[in-house]
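# Report on the structure
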Amino acid sequence: MASGSSSALRIVVAKPGLDGHDRGAKVIARALRDAGVEVIYTGLHQTACQIVETAVQEDADGIGLSVLSGAHMTLFADVLGLLRERDAADIVVFGGGIIPQADIAPLRALGVAALFTPGTPVGEITDWVRTHVRSLSATPG
């Protein structure tokens, strides 16, 4: 699970579900790499199980999900549930994409640490990851 050491953050960037548009995910992955974060990009059409398995195997500190398909409520819930089942709930889940404002609070209540919608400056996302992911993954329960 999350390492909590002083080494570089490890973030899995994933495109869950059937959405075939990954430009935004690739932009964020590159920006995180440029900011000194180790990024594992899983590619398109990943299942929640594949994403969680990758995060556990890679000893990731966080998972960033990009969802444009409208299935964000289900996809985030599935990933969070599988992380709990794998005793890996310390892996911080954040994400972005086309997420209606009305769905942000329910997603946060499910355990999504942060959500970034279209137009969010890339630097804001990388700053949030570098500032919050390790501290959130170290927080008990």
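Everything in this summary refers to the structure shown in the same document. For every chain, the first residue of the written sequence is number 1, and numbering continues from 1 onward in sequence order. Selection of residues for local features in this predicted model requires a pLDDT of at least 70, selection of side-chain atom pairs for listing and counting requires 80 or more, and totals for whole chains, interfaces and linings are taken over all residues. With hydrogens and water excluded, all non-hydrogen atoms of the structure serve as input to the side-chain values.

### Observations regarding the environment of Ser 7
The numbering of helices and of strands both runs from the N terminus, where a helix is a DSSP run of H or I of at least 4 residues and a strand a run of E of at least 2. Residue placement: Ser 7 occurs in the segment before β1 (10–14). For every residue, the accessible area (1.4 Å probe, protein chains only) is compared with the maximum for its type, and the residue is labelled buried under 20%, exposed over 50%, or partly exposed between those bounds. Classification of Ser 7 by relative accessible area gives partly exposed; the value is 40%. Along the chain, Ser 7 and Ile 125 lie 118 residues apart, while their C-alpha atoms are 20 Å from each other.

### Thoughts on the sheet that holds β1
Spatial strand order, β2-β1-β3-β4-β5: five strands in an open sheet with parallel pairing. Single-partner strands in this sheet number two, and they are β2 (38–41) and β5 (114–116). For this sheet, the mean inter-axis angle between neighbouring strands, taken without regard to orientation, is 20°. Bridging between β1 and strand β3 (residues 62–67) involves four bridges; their strand directions are parallel. A pair of strands counts as paired when DSSP detects no fewer than two bridges linking them. For helices, the fitted axis covers only the stretch in contact; all axes are lines through C-alpha atoms, and the angles between them, taken along N-to-C directions, range from 0 to 180 degrees.

### Quick notes on the packing of helix α2 (residues 48–57) against helix α3 (residues 72–85)
At a minimum axis separation of 9 Å, α2 and α3 run at an interaxial angle of 45°. Here α2 is positioned oblique relative to α3, judged by the angle of their axes. Between α2 and α3 lies a crossing of right-handed hand. Packed against α2, whose contacting residues are Ala 48, Cys 49 and Val 52, the element α3 presents Asp 78, Val 79, Leu 82 and Leu 83 at the interface. Residue polarity follows a fixed list, in which Ala, Val, Leu, Ile, Met, Phe, Trp, Tyr, Cys and Pro are nonpolar, Asp, Glu, Lys and Arg are charged, and the others, Gly among them, are polar. Residues that form the contact of α2 with α3 fall into these classes: six nonpolar, no polar and one charged. By the definition adopted for this analysis, an angle is roughly parallel if under 35 degrees, roughly antiparallel if over 145, roughly perpendicular if from 65 to 115, and oblique otherwise. Handedness of a crossing is defined here by the sense of rotation of the near helix relative to the far one, left-handed for an anticlockwise turn of less than a right angle and right-handed for a clockwise turn. The criterion used for residue contact is that any of the two residues' heavy atoms lie within 4.5 Å.

### Some remarks on α3
Here a helix's expected span is defined as the number of its residues, less one, multiplied by 1.5 Å. Look at α3: 20 Å from first C-alpha to last across 14 residues, which is about the 20 Å you get at 1.5 Å a residue. Next to the buried residues of α3 lie α2, β3, β4 (92–97), α4 (101–110) and β5. In the segment just after α3, Asp 87 is the residue with positive phi, at about 55°.

### Digging into the packing of aromatic side chains
Geometry of aromatic contacts follows a simple scheme: Phe, Tyr and Trp rings, the Trp one being its six-membered ring, pair when their centres are within 6.5 Å, and the pair is stacked under 30 degrees between planes, edge-to-face over 60, tilted otherwise. With the rule as written, the count across this model stands at two aromatic pairs. Relative to Trp 128, the ring of Phe 94 lies with its centre 5.5 Å away and its plane at 55°, an arrangement referred to as tilted. Placement of the pair is Phe 94 in strand β4 and Trp 128 in helix α5 (residues 122–138), with a sequence separation of 34 residues. The buried category is assigned to Trp 128, whose relative accessible area is 13%. One aromatic cluster is present, formed by Phe 94, Phe 116 and Trp 128 through successive ring pairs.

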